[in-house]
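Here is how the chains run, residue by residue.
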Amino acid sequence: MQAPPAASCRTCHLKSWSGVERCSRGGLASTSSKALTGTRVVAAIRQSASRQAGRRAALPVVAVAAPERPVILVTEKLGDPGIELLQQTGDVETAYNLTPEQLEERIKTADALIIRSATQVTKEVFKAAGGRLKVVGRAGVGVDNVDLASATDMSRATLSTPRTLQAIAYYLSRQHGCLVVNAPTANTVAAAEHGIALICALSRNVAQADASVKAGKWERTKYVGVSIVGKTLAVMGFGKVGSEVARRGIGLGFEKVIAYDPYASEVKAAALGVKLVSWEEALAQADFFSLHMPQTPQTKGMFNDDAFGKMKKGARIVNVARGGVIDEAALARALDNGQVAQAALDVFQKEPPPADNPLVGRPDVVCTPHLGASTREAQEGVALEIAEAVVAALNGELAATAVNAPMVSAEVLAELQPFVALAQGLGTAAVQLVGSHGFTDIHLTYNTSRGDDLDTRLLRAMVIKGILEQITTSTVNLVNADLLAKNRGLRIRETFVFAEGKEVLNTLKVSLGTTDTKFSAALGQDKRISVVGSVKGSQSYLTRVGTFDVDLSLQGIILLTRQIDKPGVIAAVATVLSSAGVNISYMSVSVTPDNDAVMALGLDQDPPEDLLAQLTGLKEITETCVLSEKI
Ligand SMILES: NC(=O)C1=CN([C@@H]2O[C@H](COP(=O)(O)OP(=O)(O)OC[C@H]3O[C@@H](n4cnc5c(N)ncnc54)[C@H](O)[C@@H]3O)[C@@H](O)[C@H]2O)C=CC1
Ligand SMILES: O=C(O)C(=O)COP(=O)(O)O
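Let us look at the structure shown here.

Reading the values: the criteria
- Numbers given for residues are sequential positions, taken from 1 along each chain in its written order.
- A letter from A marks each chain and a number from 1 marks each ligand, given out in the order of writing.
- Only residues with pLDDT of 70 or above have their local features reported here, since the model is predicted, and side-chain atom pairs are shown and tallied only from 80 upward, although totals for entire chains, interfaces and linings are computed over all residues.
- The side-chain values count all of the structure's non-hydrogen atoms but skip hydrogen atoms and water molecules.
- In this description a helix means any DSSP run of H or I spanning at least four residues, a strand means any run of E spanning at least two, and both kinds are numbered starting from the N terminus.
- Exposure categories follow from relative accessible area, calculated using a 1.4 Å probe and restricted to protein chains: below 20% of the type maximum is buried, above 50% is exposed, and the middle band is partly exposed.
- Any two residues whose heavy atoms approach within 4.5 Å are treated as being in contact.
- For the accessible areas, the method is Shrake-Rupley and the probe is 1.4 Å, while residue cover comes only from the protein chains on display.
- Throughout, the term near means that a residue has one or more heavy atoms lying within 4 Å of the molecule or strand in question.
- Here a polar contact means two N or O atoms within 3.5 Å. Within protein one must be a hydrogen donor candidate and the other an acceptor candidate, and residues neighboring in sequence count only if both atoms are side-chain atoms.
- Note on residue categories: nonpolar means Ala, Val, Leu, Ile, Met, Phe, Trp, Tyr, Cys or Pro, charged means Asp, Glu, Lys or Arg, and polar means any other residue, Gly included.
- Stacked, tilted and edge-to-face are the three classes assigned to paired rings of Phe, Tyr and Trp, where Trp is represented by its six-membered ring and a pair needs centres within 6.5 Å; plane angles under 30 degrees give stacked, over 60 edge-to-face, the rest tilted.
- Strand pairing requires that DSSP identify at least two bridges connecting the strands.
- Only the contacting stretch of a helix is used when fitting its axis, a line to C-alpha atoms as for every element, and angles between N-to-C directions run 0 to 180 degrees.
- The salt bridge criterion pairs a side-chain nitrogen of Lys or Arg with a carboxyl oxygen of Asp or Glu, the two atoms within 4 Å.
- Among buried residues, those of type Ala, Val, Leu, Ile, Met, Phe, Trp, Tyr and Cys that are joined through side-chain atoms within 4.5 Å constitute a nonpolar core.
- Only residues whose relative accessible area exceeds 30% and that form no salt bridge enter a patch; like-charged residues are grouped when within 9 Å of one another, and nonpolar side chains (Val, Leu, Ile, Met, Phe, Trp, Tyr) when within 5 Å.
- An angle below 35 degrees is treated as roughly parallel, one above 145 as roughly antiparallel, one from 65 to 115 as roughly perpendicular, and anything else as oblique.
- Helix crossings get a hand from a simple test, with the near helix turned counterclockwise from the far one by less than a right angle marking a left-handed crossing and a clockwise turn marking a right-handed one.
- In this scheme, a helix's expected span is set at 1.5 Å multiplied by one less than its residue total.

The subject of this paragraph is the overall build of the protein. Within the protein one finds 20 helices and 26 strands. Here the protein holds 631 residues, and the buried ones make up 55% of them. A separation of at least 24 residues holds for 67% of the contacts in the protein among residues at least 6 apart in sequence. Roughly 27,000 Å² of accessible area belongs to the protein as shown, and the carbon and sulfur atoms make up 52% of that amount.

In structure tokens, the structure reads:
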């Protein structure tokens, strides 16, 4: 078979032979843009000589003839400036309110798809696209309606990457597949303004009073409100939107604006005059709650019976984030018993909410139909932001907001592949050791034979991914990792410890700048949270937590216990676990000369809360911490 056409990289001008691949120096080959103006790159797999010989090898793509202009399908209302920009590049087709079946039909002839929050881009949609779809543009922040794994799988299915790269390809997304890009900043202010609008509407019964007047009534005593002055506002989730709400809350006259966000920077909060507090403090102190955390496994249903029960009686709640962070049935109960006085909801567990939603019909609940991002200005902003990103993606360029962009050259991928899971696992483990006050910076120490020649972009990105994806909606990749960390006020420092031998990486240490930890043994001598790991065989291992040596695979669930080393303690822990039916797959114990010990146990399942309480109830156990799945 003939080699595909050569093309030169825009960055380094070296010849590249793949239309959408990066060259070895990280630049993009220029055939992809050419391909989209004159030909279309399709995922035709070229069998290499070595594959025919029974081995798998790197498989380039081939350019074939295709229509001149790409087809861009827009399935939700997009601002005119965005449409105009897209029309300069491709044929724009708008088709709103498609059923899933209609979308699956239309997608077959699309090169790009632009959506907002209502279009579900499922596995079936990617399958139906048959490899033609190159980019999905989300005109807004949340990409929870896009099946990112399927965007990934699609490219794997069509391009079958070499076996040794599959794991890394899974993490980092494709060189040849469907990109997903979003517009994460242009609607921040709009969402914050909507939060403020709902706070005001709630405190003065604006919506209910309006409906009453329009119904011919004049109920002045029924709609007496409450003042904002003298009250405390708790901003729950102090990211882009939350911090803008806090800034505006201070201007509105709230006596105190506090924020709960275990991962936010205290410096950033203090600069806005906001005090970061713990979850319990926020619940106990606030009169108004404004929710701005993403929906993640950790935040799902976090406003439940227990949380409402800890609030001041008569608290008011506004949710412009995601419906799933509130347990809707629990909120209805809290409203029934007066624990919560009123709520204003822009988002719902299911949208549009079904007829039996327990909140929508209530007079003490104000609802808007997911309008947070719906201002003219924000929609123009996201339309332009997403159009630019989609055009760039169609031209084979990287967008800073790419959610699954091409990453690094195949050579670097291959070399660093064993360490990718390690870097992400250490980031995930480290952040789970942080207490409620967060951390200020990340320090990475590479013990490597390459010294400072080691290309750390990928590993650094994976550590940041491990950390940030536990705490934000952002999807982290090589392109945006440093920017996302910087935006959160996180400083990153890297140190190289030169090692003898040929190992690319002997150990990686991730240390977070804080003394606030859920597990004090995780603090190193420098009083920072630190974890160290290495790769043995192809497995990632956690080898040190704070000053304690451990030896445990970084997969699955890890239980850390700190204890006084005495005969019988290990057996007592094992007995508690086994009596609860929790299987221990592996165990390592590290003891200091003064009998201070840390035990690391690999568990087959998450230990229930009461089991941890039982463990800390044992006289010799001083603390416990669980590093959960997704490591
Ligand atoms: N209603 C609407 O139309 C809109 C809704 N949104 C939603 O608003 C939310 C926030 O968006 P951004 O501020 O842009 O995201 P962001 O990623 O900038 O901020 C999210 C913040 O939540 C914090 N967080 C994570 N886990 C937490 C936890 N367990 N407890 C407390 N805080 C936690 C993170 O540390 C981060 O600071 C997202 O869910 C987004 O989808 C955004 C725009 C419009
Ligand atoms: O950007 C977000 O996350 C939003 O929730 C806005 O959704 P929308 O674009 O208005 O459907």
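The next subject is the site of ligand 1. Inspection of the region around ligand 1 gives 29 residues, with Val241, Asp261, Asp346, Ile471 and Arg488 positioned closest. Between Ile471 and ligand 1, the recorded distance is 3.2 Å, taken from a backbone N or O atom to an oxygen atom. In isolation ligand 1 exposes 860 Å². Once the protein is present, 97% of that is buried. When grouped by side-chain class, the residues that make up the shell around ligand 1 number 15 nonpolar, nine polar and five charged.

Below, the discussion takes up the packing of aromatic side chains. Under the defined criterion, the tally for this structure stands at four aromatic pairs. Both rings, one in Phe254 and one in Phe288, keep their centres 5.5 Å apart while their planes meet at 70°; by these two values the pair is edge-to-face. With a gap of 34 residues between them, Phe254 in the loop between α10 (240-252) and β11 (256-260) and Phe288 in strand β13 (residues 288-291) connect regions that are remote in the sequence. Phe288 carries the same exposure label as Phe254, and that label is buried. An aromatic cluster is built from Tyr260, Trp279 and Phe303, whose rings are joined through pairwise contacts.

Read from one edge of the open sheet, six strands run β18-β17-β19-β20-β21-β22, paired in mixed fashion. Each edge of the open sheet is held by one strand with a lone partner, namely β18 (491-498) and β22 (548-553). With strand direction ignored, the average angle separating the axes of adjacent strands in the sheet is 20°. Examined bridge by bridge, strand β17 (residues 441-448) and β18 share eight bridges and lie parallel to one another. Of the residues in β18, the one forming a bridge with Ile442 is Ile492. Strands β17, β18 and β19 (507-512) of the sheet are contacted by helix α17 (residues 457-468), whose axis makes an angle of about 140° with β17.

Next up on the list: the pattern of salt bridges. Per the stated rule, a full pass over the model turns up 27 salt bridges. Here Lys108 ties to Glu105 by a salt bridge, and the two come within 3.1 Å at their closest N and O atoms. With relative accessibility at 41%, the residue Lys108 sits in the partly exposed group. The salt bridge partner of Lys214 is Asp210, with a shortest N-O separation of 3.1 Å.

Generally speaking, a soluble globular protein has its nonpolar side chains buried in company with each other. If you look at the biggest cluster of nonpolar residues, it comprises 55 residues, and the most contacted ones within it are Leu433, Leu508, Val510 and Leu512. Counting residues per element, this core draws most heavily on helix α16 (residues 410-432), which supplies 10 residues. Once residues lying within four places of it in the same chain are set aside, the contact partners of Leu512 are Ala430, Val431, Val434, Phe439, Asp441, Ile442, Ile467, Arg528 and Ile529. Counting 32 residues, the second largest nonpolar core, distinct from the first, contains Ile258, Leu283, Ala330 and Val340.

The next thing to look at is a nonpolar patch on the surface. A contiguous nonpolar patch, built from Ile570, Val589 and Val591 and spanning about 190 Å² of accessible area, is present on the exposed surface. On the secondary structure map, Ile570 appears in helix α19 (residues 569-579).

Attention shifts here to the packing of helix α3 (residues 80-87) against helix α15 (residues 376-394). Across the interface, α3 lies against α15 with an axial gap of 7 Å and an inter-helix angle of 20°. Judged by the inter-axis angle, α3 sits roughly parallel to α15. In the crossing of α3 with α15, the sense of the turn from one axis to the other is right-handed. In contact with Pro81, Gly82, Leu85 and Leu86 of α3, α15 contributes Glu380, Ala383, Leu384, Ala387, Glu388, Val390 and Val391. Partitioning the contact of α3 with α15 into residue classes produces eight nonpolar, one polar and two charged.

This part takes up the site of ligand 2. Taken together, Arg116, Ser117, Arg138, Ala139, Gly140, Val141, Gly142, Asn187, Arg322, His370 and Ala373 are the residues near ligand 2. Within the side chain of Arg116, an N or O atom sits 2.9 Å from an oxygen atom of ligand 2. Summarising the interface, the protein chains cover 91% of the accessible area of ligand 2, which totals 320 Å² for the free molecule. Classifying every residue of the shell around ligand 2 by side-chain character gives three nonpolar, five polar and three charged.

Along an α-helix, residues three or four apart share an orientation, since each turn contains 3.6 residues. In a regular helix each residue adds 1.5 Å, so 16 residues correspond to 22 Å; helix α8 (residues 188-203) covers 23 Å between its end C-alpha atoms and thus fits that length. Counting buried positions along α8 gives 12 out of 16 residues, so the element sits mostly inside the fold. Those residues of α8 lying buried are Thr188, Ala190, Ala191, Ala192, His194, Gly195, Ile196, Leu198, Ile199, Ala201, Leu202 and Ser203. Phi turns positive one or two residues past the end of α8, at Asn205, with a value near 55°.

Across the seven residues of strand β26 (residues 621-627), five count as buried, placing the element largely inside the fold. In terms of strand pairing, strand β23 (residues 557-564) meets β26 through six bridges, oriented antiparallel. Looking at the pairing, Thr561 lines up with Thr624 of β26.

On to the sheet that holds strand β10 (residues 232-236). Pairing is parallel in the open sheet, where seven strands are placed in the order β12-β11-β10-β13-β14-β15-β16. Each edge of the open sheet is held by one strand with a lone partner, namely β12 (275-276) and β16 (365-367). Sheet topology places β11 next to β12; two bridges connect them, and they run parallel. Within β12, the residue paired with Ile258 across the bridge is Lys275.

As a further point, take α17. Here α17 is 12 residues long and its end C-alpha atoms lie 16 Å apart, about the 16 Å a rise of 1.5 Å per residue gives. When you tally the buried positions in α17, you get 11 out of 12 residues, the bulk of the element. Among the residues of α17, those classed as buried are Leu458, Leu459, Arg460, Ala461, Met462, Val463, Ile464, Lys465, Gly466, Ile467 and Leu468.

Keep in mind these numbers describe shape, not what the thing actually does.
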